[in-house]
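# Notes for the structure review
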Amino acid sequence: MNITDRSIERTVSVLLLWGVILSGTITLLGGAIFLAHHWREPVSYQQFHSQPRIDRIIPEIFSGALHLRGRSVIQFGLLLLIATPVARVAWSLVGFALERDRKFVIITTIVLLVLLYSLISGALTN
Amino acid sequence: MTVAEFTPIVFGAALLAGFLGSLTGLGGGVIITPVLTLFLHVDLRYAIGASLVSVIATSSGAAAAYVREGFSNIRIGMFLEVATTLGALFGAYLGTHISTRALSIVFGVILLQAAWQTARKHREQSKPLPPDPIGEKLKLNSSYRTFAGEQHYVVHRVKTGFALMFGAGTISGLLGIGSGSLKVIAMDSAMQIPFKVSTATSNFMIGVTAAASASIYLSRGYVSPPIAMPVMLGVLSGSVAGTRYLSRLSVPLLRRVFAIVVGAIAIQMIVNGIRGAA
């Protein structure tokens, strides 16, 4: 198979499209659950209160989403959305490796490492 | 105001943010942040969380379509992303040492001038420059589709572009705003990349940068699900619509839209600097 930049980009685009559809559908579902329970309640976001652990610690978001808790399902969809650019960079790395373009393998690895570093340090914050 | 009123208002603002953000390569934060803070009186920290979500949604939503249209250039984006990332780290380090108020005003003025220049530029290529050997070595030159067929382009002044991207990263690390605008301006005026390719490539880059900080803000509890949900869904829909429109939009009109949005960011920054909110 002849690997070109265009064919890599086409695959990346299909990957992103499905990532976006999946995360959007999940957030929509979470939003519907949330609205069904809370649509009558007043909103007040003038004062900042950090989200409770269940809405900001990744393993707790997962378990809340499994129980179909509206807010957790929304956060789970958002986590998938945050993962889409990472998947895009990771897939480009595979593509450049298949193209045997050593310079771009190095460049893309740097970008991916910085990205993973922030994601992991974010996940470790409590 | 109840949840049933708040959600559709935010969704509507997010639709517009996604539409303009994907067209201009600026992300959706430009519109989301002022609507949430000024109009709906939402605390700035929730707005920061929502704005990061909107940037990623614009970037990925637009990318799914842009890449297929062949506008964005992943090589240019990835190469320049190294400079932006290093700049952002440098900016975060500098942030503890200098006054962001003065910087916000100075930067706002520079941006205002750049917006004026972008709007006034008519031809795609202002000066015929020799192709940059670094650009050739890294295979940054590419082509994109137009009504008139495949349009080839050559990248110029790669070193200047790289340095400007480092500066863009530093500014965004310091002020947390304005990196998309500087990215587009650097690619358009220094590197002479076609405008549509510049905005699409900027969209790719801002998504990567925002993903890095989004997980940190999410775990700090800045991302509120009831705010983020309509933002994400609205921006995704808006950015897909914006992308559909981009291939039909004329470049001079796109430049004018870009200049107006950047001008608004610039004024916002100057005002913030004077009031001390930056």
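Every value quoted in this text rests on a predicted model; they were computed, and no experiment measured them.

Counting its secondary structure elements, chain B contains eleven helices and two strands. Across its three principal axes, chain B shows a C-alpha extent of roughly 55 × 45 × 35 Å. The buried share of chain B, reckoned over its 278 residues, is 59%. A separation of at least 24 residues holds for 81% of the contacts in chain B among residues at least 6 apart in sequence. Charge-centre separation for chain B: the mean point of 21 positive side chains lies 4 Å from the mean point of 9 negative side chains.

Take the packing of aromatic side chains next. The full count for this structure, using the stated rule, is 13 aromatic pairs over all chains. Plain terms: the ring middles of Tyr45(A) and Tyr46(B) are 5.6 Å apart, the flat faces sit at 80° to each other, and that makes the pair edge-to-face. You can see Tyr45(A) sitting in the loop between α1 (5-38) and α2 (58-66) and its partner Tyr46(B) sitting in helix α3 (residues 44-69), one on each of two chains. Over the ring of Phe195(B) we find Arg255(B); its NZ or CZ atom is 4.5 Å from the centre of that ring.

Relative to the assigned elements, Arg75(B) resides in helix α4 (residues 74-94). Of the polar contacts made by the side chain of Arg75(B), one reaches the side chain of Glu99(A); its length is 3.2 Å. If we skip the residues at most four places from it in the chain, Arg75(B) touches Asp5(A), Phe96(A), Glu99(A), Asp101(A), Phe104(A), Leu138(B), Lys139(B) and Leu140(B).

Residues and elements named next belong to chain A. As a packed pair, α1 and helix α3 (residues 70-98) sit with axes 7 Å apart at the nearest point and diverge in direction by 175°. In terms of orientation, α1 lies roughly antiparallel with respect to α3. Partitioned by chemical class, the residues of the contact of α1 with α3 number 19 nonpolar, eleven polar and three charged.

Looking now at the interface of chain A and chain B. Contacts between chain A and chain B engage 60 residues on the former and 61 residues on the latter. At the boundary of chain A with chain B, total buried surface from both sides reaches about 5,300 Å², with 71% on carbon and sulfur atoms. For the interface between chain A and chain B, the tally reads three salt bridges. Salt-bridge contacts for Lys139(B) lead to Asp101(A); the nearest nitrogen and oxygen are separated by 3.8 Å. The tally of links between chain A and chain B comes to twelve residue pairs in polar contact (both at pLDDT 80 or more). Breaking the side of chain A that touches chain B down by element, the ones donating at least two residues are α1, α3 and α4 (102-124) of chain A. Broken down by element, the residue count for the side of chain A that touches chain B peaks at 16 residues, all from α1(A). Split into classes, the residues belonging to the side of chain A that touches chain B amount to 27 nonpolar, 20 polar and 13 charged.

Residue pairs spaced three or four apart in an α-helix point in one direction, given the helix's 3.6 residues per turn. Residues and elements named next belong to chain B. The terminal C-alpha atoms of helix α11 (residues 251-275) lie 36 Å apart, and with 25 residues this matches the ideal 36 Å at 1.5 Å per residue to within 8%. Three or more residues of α11 are buried, namely Leu254, Arg255, Phe258, Ala259, Val261, Val262, Gly263, Ile265, Ala266, Met269, Ile270 and Gly273. With its phi angle positive at about 80°, Gly276 sits one or two positions after the end of α11.

Looking now at the confidence of the model for chain B. Per-residue confidence for chain B gives a mean pLDDT of 85, with 94% of residues at or over 70. When pLDDT is averaged over each element of chain B, helix α1 (residues 3-24) of chain B comes out on top at 94 and strand β1 (residues 142-146) of chain B at the bottom at 79.

Here we come to the nonpolar core. Within the largest apolar cluster, 106 residues are counted, with the highest numbers of intra-cluster contacts made by Phe6(B), Leu36(B) and Ile227(B). Dropping the residues within four chain positions of it, Ile227(B) is found in contact with Tyr45(A), Phe6(B), Val10(B), Leu36(B), Val42(B), Tyr46(B) and Ala50(B). One finds Ile8(A), Val12(A), Leu16(A) and Ala64(B) within the second-largest nonpolar core, a separate group that totals five residues.

The next subject is the pairing of strand β2 (residues 149-153) of chain B. Residue and element names in this part refer to chain B. Relative to β2, β1 runs antiparallel, the two being bridged by five bridges. Pairing of Arg145 across the sheet is with Glu150, part of β2. Adjacent in sequence and paired antiparallel, β1 and β2 are bridged by two residues.

What counts, and where the lines are drawn
Residues numbered from 1 in each chain as written. Chains lettered and ligands numbered in written order. Predicted model: local features only at pLDDT ≥ 70, side-chain atom pairs only at ≥ 80, totals over all residues. Heavy atoms only, no water. Helix = DSSP H or I, 4+ residues; strand = E, 2+ residues; numbered from the N terminus. Buried < 20%, exposed > 50% of the residue type's maximum accessible area, 1.4 Å probe, protein only. Contact = heavy atoms within 4.5 Å. Lys, Arg positive; Asp, Glu negative; His and termini not counted. Charge placed at Lys NZ, Arg CZ, Asp CG, Glu CD. Phe/Tyr/Trp six-rings, centres within 6.5 Å; stacked < 30°, edge-to-face > 60°. Lys NZ or Arg CZ within 6 Å of the ring centre and 35° of its normal. Polar contact = N/O pair within 3.5 Å; in protein donor to acceptor, adjacent residues only side chain to side chain. Axes fitted to C-alpha atoms, helices over the stretch in contact; angles between N-to-C directions. Parallel < 35°, antiparallel > 145°, perpendicular 65-115°, else oblique. Nonpolar A, V, L, I, M, F, W, Y, C, P; charged D, E, K, R; others polar. Buried area = accessible area lost by both parts, 1.4 Å probe. Salt bridge = Lys/Arg side-chain N within 4 Å of Asp/Glu carboxyl O. Expected span 1.5 Å × (residues − 1). pLDDT = per-residue confidence, 0-100. Core = buried A, V, L, I, M, F, W, Y, C linked by side-chain atoms within 4.5 Å. Pairing = 2+ DSSP bridges.

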